[in-house]
Amino acid sequence: MRSIAVTFTFAILLFWVEPLQIHANNSVSAFVQNVIYSNRIALFSKSYCPYCLRAKRMFAELNEQPFVVELDLRDDGYQIQGVLLDLIGRRTVPQIFVNGKHIGGSDDLSAAIQSGELQKLLSAS
Ligand SMILES: N[C@@H](CCC(=O)N[C@@H](CS)C(=O)NCC(=O)O)C(=O)O
């Protein structure tokens, strides 16, 4: 009798909690997609991260203002990092997108500036 009650409670919890989590993940995923595709430059960052500061400095030197999402300053920062992992296979910050195209982290940004690829992508908008 007790095991039936436990199974029943577990089933109720599963049916309740699972859709709530899927809903939360969907809205975080929609937020990430919106940030990437609605901004010329999107920068997923952590406020204390030296690589992120470096990326911000590189954009400042180019007189460009990225749209910055500071993951450590948001309640859903960990989930955003999970969505980014699914999307691009990377968990580190910064992650930079220009006109919807994934550039990568701070080292990749530096390489894209050196090669002229970044300026090419920026001039598309
Ligand atoms: N080579 C990478 C290094 C990035 C990196 O190591 N970032 C650290 C923060 S400074 C990180 O994401 N650590 C894992 C985490 O914060 O979850 C780059 O140039 O972007």
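What you see is a predicted model, and the numbers here were worked out from it, not measured in a lab.

Asks: Mind showing me how you'd approach the environment of K101 here?
Replies: Within the secondary structure layout, K101 lies in strand β4 (residues 101-104). Classification of K101 by relative accessible area gives partly exposed; the value is 41%. Residues K101 and I36 lie 65 residues apart in sequence; the distance between their C-alpha atoms is 8.2 Å. Sequence-distant contacts of K101, defined by excluding residues within four places in its chain, comprise I96, E117 and L121.

Asks: Looking at this structure, how should I read the site of the ligand?
Replies: What surrounds the ligand is the set K46, C49, P50, Y51, Q81, T92, V93, P94, G105, S106 and D107. D107 is positioned such that a nitrogen or oxygen atom in its backbone is 2.9 Å from an oxygen atom of the ligand. When the ligand is considered free in solution it has 500 Å² of accessible area, and contact with the protein chains removes 68% of it. Listing elements by their share of the shell around the ligand, those giving two or more residues are α2 (50-61) and α4 (106-115). The residue makeup of the shell around the ligand, split by class, is five nonpolar, four polar and two charged.

So, how was this worked out
- Residues numbered from 1 in each chain as written.
- Predicted model: local features only at pLDDT ≥ 70, side-chain atom pairs only at ≥ 80, totals over all residues.
- Heavy atoms only, no water.
- Helix = DSSP H or I, 4+ residues; strand = E, 2+ residues; numbered from the N terminus.
- Buried < 20%, exposed > 50% of the residue type's maximum accessible area, 1.4 Å probe, protein only.
- Contact = heavy atoms within 4.5 Å.
- Near = heavy atom within 4 Å.
- Polar contact = N/O pair within 3.5 Å; in protein donor to acceptor, adjacent residues only side chain to side chain.
- Areas by Shrake-Rupley, 256 points an atom, 1.4 Å probe, with all protein chains shown as cover.
- Nonpolar A, V, L, I, M, F, W, Y, C, P; charged D, E, K, R; others polar.

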